[in-house]
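Fold and geometry: a report
The residues making up each chain are set out below.
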Amino acid sequence: EFSWKLADHPKLPKGKILAMVVLDGWGEAHANQYNCISVADTPIMDSLKNVLILLFSVFSLMFAGAPEKWRLVRAHGKAVGLPTEDDMGNSEVGHNALGAGRIYAQGAKLVDFALASGKIYDGEGFNYIKESFEGGTLHLIGLLSDGGVHSRLDQLLLLLKGASERGAKRIRVHILTDGRDVLDGSSVGFVETLENDLSKLRENGVDAQIASGGGRMYVTMDRYENDWEVVKRGWDAQVLGEAPHKFKSALEAVKKLREAPQANDQYLPPFVIVDDSGKAVGPIFDGDAVVTLNFRADRMVMAAKAFEYEDFDKFNRVRVPKIRYAGMLQYDGELKLPSQYLVSPPEIERTSGEYLVHNGVRTFACSETVKFGHVTFFWNGNRSGYFNPEMEEYVEIPSDSGITFNVKPKMKALEIAEKARDAILSRKFEQVRVNLPNSDMVGHTGDIEATVVACKAADEAVKIILDAIEQVGGIYVVTADHGNAEDMVKRNKKGDPALDKSGNIQILTSHTLEPVPIAIGGPGLLPGVRYRKDVPDGGLANVAATVMNLHGFEAPSDYETTLIEVVD
Ligand code: 3PG
Ligand code: CO
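Presented here is an overview of the structure given in this document. What you are looking at is a predicted structure, and each value in this text was computed from that prediction instead of being measured.

A separate point is helix 8 (residues 228–240). Counted at 1.5 Å a residue, the expected span for helix 8 with its 13 residues is 18 Å, and the 17 Å between its end C-alpha atoms agrees. Along helix 8, 11 of the 13 residues are buried, which leaves the element largely enclosed by surrounding structure. Among the residues making up helix 8, those that are buried are Trp-228, Val-230, Val-231, Arg-233, Gly-234, Trp-235, Asp-236, Ala-237, Gln-238, Val-239 and Leu-240. As for helix 8, its buried residues are in contact with strand 3 (138–144), strand 4 (170–177), strand 5 (207–215), strand 7 (271–273) and helix 10 (301–308). You can read the cap of helix 8 off the contacts: a side-chain oxygen lies 3.1 Å from the backbone nitrogen of Glu-229, and it is on Asp-227. Just beyond helix 8, the residue with positive phi is Gly-241, at close to 75°.

Pasting the structure below:
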């Protein structure tokens, strides 16, 4: 019979205050000029790492058996449920693994399976949108790249083919250019690939074309309600067929819009494609079907609400067509949003957060808006809200909106740290969990100088939290969800910067394949705690059991094994 009750850990005490710090986009790589973490002044993170090196190299004999504080864990590819070892980590799968303690086949993989087996076409979601194929248009809206974080171009191409073979006669694709999970400028090539497939469909009698577009950070893909204007720009272009820029083709659009000074794929302004008479080719009308192609939830939930909700007051939709709408996945299981979807999401259940709350661990979680859902929604297995509001408090610090974060690279790190400090010192919570966004959010801008400032700011925030833990005799766990700021340049197979056609280095705005550090310590940690030697391939999913141990509990038997042991 199932029970939420966790067994007592045989050696580790309960009731210690534990700070769980996730540095977003903080991987480990050798020091060099493109490693913003090594370039930045980060004395606190350095000290967490050097304790080990000092103890074991200089004083190894004297300190034999002293607690190891620092190691690396895997944060990409199969370790976090992604299809291949070439898939970089990301915050969704990283926080899912950290919080759930098990490795789930993630959206990218589930969609691959569903397309390869053809099961996607047998599902309720596809059959629902298919009812529009006779009289209406099929609209596909999503991120156009092979980044594999939110969506994948090859999945779009398969779906286009599959839908047209199953009766879709008129198809419009609404693209969002990337440049964040892939190199800036790669949008042009992705549009060419898509155009090529669309022209093949046209040869086969399907009226298929790109209808609108815009950069992902400026059009449609906002998250956690940071800025509804972003979603409105998408609605206007996709649904109403209205945008400040009009072009005859998407290739022309992307090429022209990229010519503006400072222009980049992430922030291209919205555009619509028009016919010879200047009329938009693909607004959305009554009777049409709409599919949002992204499998990842955070940046599609807001658009999904605009498409699905009758009552909606976030912006004026002007015209609300009666459509059949489906997501590639269901984006929020708690809200059942959207109600129709092509592929069932991973069923992440019995997360560590839910267990701990059932076992008396009072929890505080905090980040700023752009990462708030990471330490709550993703951490809790893509679930919104509290498990038990009496036991939990989640605090969101409003992010700056309407700027790129290289302009303010310190972001809200200090405010997050102060909230965490206050929560620790209040002694009202046994777990105080934060996400510090700087190294990731600024890393994604590709601005190296600003990213160095960002890493320093995150390090200062860690200090504030660790100082509070020191005061209350607590324990800290400092880790990260995936790499980003530790490598800001595209590299060739040898690991040297890869040059483009003009001989220039290419700035890497995306995440990386690097492992991330985990450091455990604090005055509340029993001296006998050390890393086990038999989990060399440990990954983010091993952290949940580790944290449960540090709260004084054994982890459930189906969790990935703990990273620590206690020697007497
Ligand atoms: C984003 O959505 O900003 C990027 O695609 C991925 O970043 P994250 O996984 O760190 O949120
Ligand atoms: Co990121």
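So, about the coordination of the cobalt ion (ligand 2). Taken together, the protein ligands of the cobalt ion (ligand 2) are Asp-440 (OD), Asp-440 (OD), His-444 (NE2) and His-511 (NE2), with distances of 2.0 to 2.2 Å. Each donor residue of the cobalt ion (ligand 2) lies on one chain, and together they are spaced D-x3-H-x66-H. Of the two residues examined, Asp-440 and His-444, each falls in the buried class.

This part takes up the pattern of salt bridges. Oppositely charged side chains can pair when the atoms bearing their charge come close. This structure, assessed with the given rule, holds 37 salt bridges. For Asp-207, the salt bridge identified is with Arg-172, shortest N-O distance 3.1 Å. Of this pair, Asp-207 sits in strand 5 while Arg-172 sits in strand 4, and the two are 35 residues apart along the sequence. Asp-298 is the salt-bridge partner of Arg-223, the closest N and O atoms lying 2.9 Å from each other.

Near ligand 1 lie 17 residues; those nearest to it are Ser-91, His-150, Arg-180, Asp-181 and Arg-299. Here Asp-24 contributes a side-chain N or O atom positioned 3.4 Å from an oxygen atom of ligand 1. Between an oxygen atom of ligand 1 and a side-chain N or O atom of Asp-440, the distance comes to 2.9 Å. Relative to its unbound accessible area of 310 Å², ligand 1 is 100% covered by the protein chains. According to the grid-proximity analysis, the pocket containing ligand 1 is the largest cavity. Taken together, the residues of the shell around ligand 1 break down into one nonpolar, seven polar and nine charged. Viewed by domain, the shell around ligand 1 spans two of them, domain 1 (18–104 + 348–566) and domain 2 (108–343), each represented by three or more residues.

Further remarks concern the sheet that holds strand 2 (residues 70–73). Strand order in the open sheet made by the seven strands is 2-15-14-1-13-11-12, with mixed pairing throughout. Bordering the open sheet on either side are strand 2 and strand 12 (392–397), each of which pairs with just one other strand. Across the sheet, the mean angle separating the axes of adjacent strands is 15° when strand polarity is ignored. Here strand 11 (residues 363–368) pairs with strand 13 (residues 431–436) via four bridges, running parallel. Bridge pairing in strand 13 places Thr-363 opposite Gln-431. Each of strand 11, strand 12 and strand 13 touches helix 12 (residues 369–378); the most contacted strand, strand 11, lies at about 150° to it.

The rules behind these values
Here the residue index of a chain counts from 1 through its sequence in written order. All chains are assigned letters beginning at A, and all ligands numbers beginning at 1, according to the order in which they are written. Local features in this predicted model are restricted to residues whose pLDDT is 70 or higher, and side-chain atom pairs enter the listing and the counts only when it is 80 or higher, whereas totals over whole chains, interfaces and linings include all residues. Side-chain measures here rest on the full set of heavy atoms in the structure, leaving out hydrogens and waters. Elements are defined by DSSP. Helices are runs of H or I of four residues or more, strands are runs of E of two residues or more, and each kind is numbered from the N terminus. Expected span, for any helix, means 1.5 Å times one less than how many residues it has. Exposure is judged per residue with a 1.4 Å probe applied to protein chains only, and the accessible area is read against the type maximum: over 50% gives exposed, under 20% gives buried, and values in between give partly exposed. Residues are treated as being in contact if the distance between any of their heavy atoms lies within 4.5 Å. Polar contacts, as used here, are pairs of N or O atoms within 3.5 Å; protein pairs need one atom able to donate a hydrogen and one able to accept it. Residues neighboring in sequence count only if both atoms are side-chain atoms. Sites may look incomplete, because water is not among the atoms used; the donor set itself consists of N, O and S atoms within 2.8 Å of the metal (3.2 Å for Na, K and Ca). The salt bridge definition used is simple: a Lys or Arg side-chain nitrogen within 4 Å of an Asp or Glu carboxyl oxygen. Here a residue is near a molecule or strand as soon as one of its heavy atoms is found within 4 Å of it. Only the protein chains shown count as cover for residues, and the accessible areas themselves come from Shrake-Rupley with a 1.4 Å probe. Lining residues are defined by having an atom within 4 Å of a point belonging to a cavity or pocket. Those points lie on a 1 Å grid over the protein atoms alone, cavities being sets where a 1.4 Å probe fits but cannot get out and pockets being open sets with protein on both sides within 12 Å along at least five of seven lines. Cavities and pockets are treated as containing a molecule whenever more than half of the molecule's atoms lie within 2 Å of their grid points. Residue polarity follows a fixed list, in which Ala, Val, Leu, Ile, Met, Phe, Trp, Tyr, Cys and Pro are nonpolar, Asp, Glu, Lys and Arg are charged, and the others, Gly among them, are polar. Each domain span listed reflects an automatic or database assignment of domains. In this analysis, strands are considered paired if DSSP registers two or more bridges between them. With axes taken as lines fitted to C-alpha atoms, and helix axes fitted only over the stretch in contact, angles between N-to-C directions fall between 0 and 180 degrees.

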